[in-house]
Amino acid sequence: MENNIDKTNKMKEFYIPTYIFVPDSPVEHVSDTPSCPVIVFINTKSGGQLGHDLIVTYRKLLNHAQVFDLLEEAPDKVLHRMYSNLEKLKRDGDTLASEIHRRLRLIVAGGDGTAGWLLGVVSDLKLVHPPPVATVPLGTGNNLPYSFGWGKRNPGTDQESVISFLQLVREAREMNIDSWHIVMRMESPKGSPCDPIAPSDLPHSLHAFRRVPKADPQDMEYSCTFRGGFWNYFSMGMDAQVSYAFHSERKLHPEKFKNQLSNQKTYLKLACTQGWFCANLLHPMSRNISHLANVKIMKKSGKWENLEIPQSIRSIVCLNLPSFSGGLNPWGTPSKRKQRKRDLIMPPLVDDGLLEIVGFKDAWHGLVLLSPKGHGTRLAQAHRVRFEFHKGATDHAYMRIDGEPWKQPLPVDDGKVVVEISHAGQVKMLATKNCIAKGIHESSPAISTVHPESSSSDDTDDDFVEERRNFGAALSFRYMGDDVNKQ
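Residues numbered from 1 in each chain as written. Predicted model: local features only at pLDDT ≥ 70, side-chain atom pairs only at ≥ 80, totals over all residues. Heavy atoms only, no water.

Novice: It is not clear to me how the overall build of the protein should be interpreted in this structure. Could you clarify?
Specialist: Check the secondary structure of the protein and you find 14 helices and 17 strands. Residues classed as buried in the protein amount to 55% of the 487 residues present. A sequence separation of at least 24 residues applies to 77% of the contacts in the protein between residues at least 6 apart. Total accessible area on the protein stands at roughly 21600 Å², and carbon and sulfur atoms take up 51% of it. (Helix = DSSP H or I, 4+ residues; strand = E, 2+ residues; numbered from the N terminus. Buried < 20%, exposed > 50% of the residue type's maximum accessible area, 1.4 Å probe, protein only. Contact = heavy atoms within 4.5 Å. Areas by Shrake-Rupley, 256 points an atom, 1.4 Å probe, with all protein chains shown as cover.)

Structure below.
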């Protein structure tokens, strides 16, 4: 009996009453203001049966109204409705609404792609005080949770495990990390094989922006643009091909993917069958990165420069966090001598406005990451990256962002595909004492950020100004009764 009372008292710290979420519902008087009010988003498809079990436990412990199944309601709709209602309640003098607004924390349970979906929504809402986000490792790789100390292994779903996690959320510190915007534009003659990608085949955090005919309606060319964001990495090549095979198999046979260990075994098996370990024999040179695309980067100067990619590189990773493929660090920790030799700007940090760009030859090359000082081929640090795909190199390329892959059609004739990555502000994550990600202030107070906004650029031919206004994940939120519109 005493244990139940103690558990109830603990849960009051996280409780949000229903009227906060439901406009015009009766106000519920709460005896104690919650010290750490939370909203929980759970992808019940993640982690086999774990997602379903987890949502049942959270709804038993908290108010059902503050726990959401992402298969039933998208996070942008939930947060838009709640923040609109919070503003109304605050104007009416509701002090509890004001405190919930100030102290709110978000929890997202799912894979890295699910977490990226929510981070894109929070970014697009343009909130004055955006809430920090904690991630529950419910996927296969779980790079985002691992980077911030939440672990790699799928969590327990019983009440004690959930209560322990909530206590960690309450104690966690806020940490800023860079957001990265990605724009992909496909231009090709009408009827060419380079067709737009079906929405169901896109990652959660990549969104169709528009299909734009040229000024002349009779013009045979069209442009199809996708935009989105990532917080951990963008990769292209053989690693993304293996990931695509894994996701395709999981879509066809979801019953076979019930737990993290068996998923990882299946992933390794597919890496073998896809030729990632025998790339020299099974992977055509035409699919190597230097044959597929011209890669440009922008550093401090604000000018585009070509990035030389060794011909042997079959996979390229643009990395923001120190975790890839289930906790490995492709960049490693270069010595000061190597930093000077390779013109590297600074140690890898998560809030410095820079991406670390790393290449891999094959899976054997990737295995060096298991050694203490192992790393991939360090290519550059940059705050803007551009891939311009060669005409007719191949009919498709494999790409992925934050663990979610797709098969990108490429034009075979006179078409063009361009992928551009640029810095897009920051989001707040929640980090535990086991956090491995490092920020500027933890590394050295003397280091300053190199964000694109603070550097001059001579690049006047910027085709993506309109696309970069948003990630495309949510409608921007307007305060004090302003209209909401899509940017």
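Novice: Help me out: how do you make sense of unusual backbone geometry in this one?
Specialist: Note: most peptide bonds trans; most residues except glycine with negative phi. In the Ramachandran plot, asparagine 142 falls in the positive-phi region, its phi being about 55° despite a non-glycine side chain. Structurally, asparagine 142 can be placed in the loop between β4 (133-137) and α6 (143-147). Among the residues examined, asparagine 142 registers a relative accessible area of 1% and is labelled buried. Positive phi outside glycine occurs at aspartate 402, with the angle close to 45°. Its location among the elements puts aspartate 402 in the loop between β15 (396-401) and β16 (404-409).

Novice: How do you make sense of the packing of aromatic side chains when you look at a structure like this?
Specialist: In this description, an aromatic ring pair is defined by two values, namely the gap between the centres and the angle between the planes. Applying the stated rule across the entire model yields six aromatic pairs. Taken together, a centroid distance of 5.7 Å and an interplanar angle of 25° make the contact between phenylalanine 41 and phenylalanine 68 stacked. Placement of the pair is phenylalanine 41 in strand β1 (residues 38-42) and phenylalanine 68 in strand β2 (residues 67-69), with a sequence separation of 27 residues. Each member of the pair phenylalanine 41 and phenylalanine 68 is classed as buried. An angle of 50° between the planes, with centres 5.4 Å apart, marks the rings of tryptophan 231 and phenylalanine 471 as tilted. Of this pair, tryptophan 231 sits in the loop between β7 (221-230) and β8 (233-237) while phenylalanine 471 sits in the segment after α14 (440-443), and the two are 240 residues apart along the sequence. Of the residues examined, phenylalanine 471 reaches a relative accessible area of 5% and is grouped as buried. (Phe/Tyr/Trp six-rings, centres within 6.5 Å; stacked < 30°, edge-to-face > 60°.)

Novice: Explanation requested: the pattern of salt bridges in the structure shown.
Specialist: Between side chains of opposite charge, pairing is possible as soon as their charged atoms come close. Applying the stated criterion across every chain, the model contains 13 salt bridges. A salt bridge links aspartate 92 to lysine 88, with the shortest nitrogen-to-oxygen separation between them at 3.6 Å. The exposure class of aspartate 92 is exposed, given its relative accessible area of 57%. Look at lysine 88 and you get partly exposed, because its relative accessible area is 35%. Here glutamate 388 makes a salt bridge to arginine 386, at a shortest N to O gap of 3.0 Å. Judged by its relative accessible area of 24%, glutamate 388 falls in the partly exposed class. Here the salt bridges share partners, and the residues they tie into one network are Lys296, Arg384, Arg386, Glu388 and Glu420. (Salt bridge = Lys/Arg side-chain N within 4 Å of Asp/Glu carboxyl O.)

Novice: What am I meant to see in the nonpolar core here?
Specialist: Across soluble globular proteins, you tend to see nonpolar side chains buried next to one another. Ranked by internal contacts, the top residues of the largest apolar core, which has 72 residues, are Ile20, Ile39, Tyr58, Leu79, Ile107 and Phe148. Once residues lying within four places of it in the same chain are set aside, the contact partners of leucine 79 are Ile39, Phe41, Leu106, Leu118, Val121, Val122 and Leu125. Core analysis: the next-biggest nonpolar cluster, separate from the first, contains 38 residues, Phe230, Ile297, Val385 and Ile401 among them. (Core = buried A, V, L, I, M, F, W, Y, C linked by side-chain atoms within 4.5 Å.)

Novice: I tried to follow the pairing of β16 on my own but got confused; where do I start?
Specialist: Counting buried residues along β16, five of its six residues qualify, which places the element largely inside the surrounding structure. Alignment of β15 against β16, held across six bridges, turns out to be antiparallel. Each residue of the ladder has a partner; that of tyrosine 398, found in β16, is lysine 407. (Pairing = 2+ DSSP bridges.)

Novice: Explain the sheet that holds strand β12 (residues 355-360) here, please?
Specialist: By way of backbone hydrogen bonds, the strands of a sheet pair with one another, either parallel or antiparallel. Spatially, six strands are ordered β13-β12-β11-β8-β15-β16 in an open sheet, and the strand pairing comes out antiparallel. The outermost strands of the open sheet, each flanked by one partner alone, are β13 (377-382) and β16. For this sheet, the mean angle separating the axes of adjacent strands, direction not counted, is 20°. Relative to β15, β8 runs antiparallel, the two sharing three bridges. Of the residues in β15, the one forming a bridge with serine 235 is arginine 400. Set on the sheet, helix α8 (residues 238-252) makes contact with β8, β11 (315-319), β15 and β16; between it and β8 the angle comes to about 95°. (Axes fitted to C-alpha atoms, helices over the stretch in contact; angles between N-to-C directions.)

Novice: Even after reading the chapter, I still don't get helix α5 (residues 112-124), so can you show me in this structure?
Specialist: Spacing of three or four residues puts side chains on the same side of an α-helix, whose turn is 3.6 residues. Taking 1.5 Å of rise per residue, 13 residues should cover 18 Å, and α5 covers 18 Å from first to last C-alpha, within 8% of that figure. The buried fraction of α5 amounts to 13 of the 13 residues, a majority that puts the element mostly inside the structure. (Expected span 1.5 Å × (residues − 1).)

Novice: When you look at the packing of helix α3 (residues 75-91) against helix α4 (residues 95-103) in this model, what are you seeing that I'm missing?
Specialist: Helix-helix packing is described using two parameters, namely the angle between the two axes and the distance between the axes. Across the interface, α3 lies against α4 with an axial gap of 8 Å and an inter-helix angle of 135°. As judged from the angle between their axes, α3 and α4 are oblique. The two elements α3 and α4 cross, and the hand of that crossing is left-handed. Contact residues: α3 offers Tyr83, Leu86, Glu87, Leu89 and Lys90, while α4 offers Ala97, Ser98 and His101. A breakdown of the residues in the contact of α3 with α4 according to their chemical character gives four nonpolar, two polar and two charged. (Parallel < 35°, antiparallel > 145°, perpendicular 65-115°, else oblique. Left-handed = near helix turned anticlockwise from the far one by under 90°. Nonpolar A, V, L, I, M, F, W, Y, C, P; charged D, E, K, R; others polar.)

Novice: I'm lost on the pairing of strand β3 (residues 105-110) in this one. Help?
Specialist: Counting buried residues in β3 gives six out of six residues, a clear majority hidden from the surface. Residues Arg105, Ile107 and Ala109 of β3 are buried on one face, and the alternating residues Leu106, Val108 and Gly110, pointing to the opposite face, are buried as well. Relative to β4, β3 runs parallel, the two sharing five bridges. Bridge pairing in β4 places alanine 109 opposite valine 136. Each parallel crossover has a hand, and the one from β3 via α5 to β4 is right-handed. (Right-handed = clockwise from strand over helix to strand, strands pointing away.)

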